[in-house]
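Inside the fold
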Amino acid sequence: MEFPTAIEVEVELVIDNSRHLRNIVVKHLELSGFSFRVTPDSTIGGCPIEAIDIPPRASHADGSPRYDLLNFRLRTKLDCSHFQRGQKVLVDSIFLFVILSPPK
């Protein structure tokens, strides 16, 4: 079952150091048991999202992989200037759906 909604995320990294990169890496705050997909109307912090990219490869201090990160590509590189590390923003107009576990 899908329904349009918004989720709160925290900015971990802004990637805009080349001509083509315009990504915002965020930590999702409460998304356990859910997944989502972006739509043509999806935004992050009010800025349009072009896509959700491959999750970044990152690890915790102990070397274990981080699965709490999402990587959004903005439509416009100039929008990167609206974000800074630690900032909490909404990802809006996404379709959220529950991940059901198979019956035992």
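Residues numbered from 1 in each chain as written. Predicted model: local features only at pLDDT ≥ 70, side-chain atom pairs only at ≥ 80, totals over all residues. Heavy atoms only, no water.

Here's the deal with the overall build of the protein
The helix and strand inventory of the protein stands at 0 helices and 6 strands. N-terminal to C-terminal, the α/β element order of the protein is β-β-β-β-β-β. For the protein, the proportion of its 104 residues judged to be buried stands at 32%. The long-range fraction of contacts in the protein, counting pairs at least 24 apart against all pairs at least 6 apart in sequence, stands at 72%. When the accessible surface of the protein is totalled, it reaches about 6,900 Å², and 55% of it is carbon and sulfur. (Helix = DSSP H or I, 4+ residues; strand = E, 2+ residues; numbered from the N terminus. Buried < 20%, exposed > 50% of the residue type's maximum accessible area, 1.4 Å probe, protein only. Contact = heavy atoms within 4.5 Å. Areas by Shrake-Rupley, 256 points an atom, 1.4 Å probe, with all protein chains shown as cover.)

Focus: the pattern of salt bridges
What the rule picks out here adds up to 5 salt bridges. A salt bridge links arginine 22 to glutamate 50; the nearest nitrogen and oxygen atoms lie 2.9 Å apart. Taken as a pair, arginine 22 in the loop between strand 1 (2-15) and strand 2 (23-28) and glutamate 50 in strand 4 (residues 47-52) lie far apart in primary sequence, 28 residues in all. Using a relative accessible area of 17% as the deciding quantity, one classes arginine 22 as buried. Measuring nitrogen to oxygen at the nearest pair gives 2.5 Å for the salt bridge that ties glutamate 50 to arginine 73. Of the two residues, glutamate 50 is situated in strand 4 and arginine 73 in strand 5 (residues 69-74); the sequence distance between them amounts to 23 residues. Overall, the relative accessible area of 39% leaves glutamate 50 in the partly exposed class. (Salt bridge = Lys/Arg side-chain N within 4 Å of Asp/Glu carboxyl O.)

What to know about unusual backbone geometry
One non-glycine residue, serine 93, lies in the positive phi region at around 60 degrees. On the basis of relative accessibility, which here comes to 28%, the residue serine 93 falls in the partly exposed class.

Some details on the side chain of glutamate 10
Following the sequence through the fold, glutamate 10 ends up in strand 1. No salt bridge is formed by the buried glutamate 10; its nearest oppositely charged neighbour, lysine 27, is found at 4.2 Å. Sequence-distant contacts of glutamate 10, that is, excluding residues within four places in its chain, are made with Val25, Val26, Lys27, Leu29, Gly86, Gln87 and Lys88. (Lys, Arg positive; Asp, Glu negative; His and termini not counted.)

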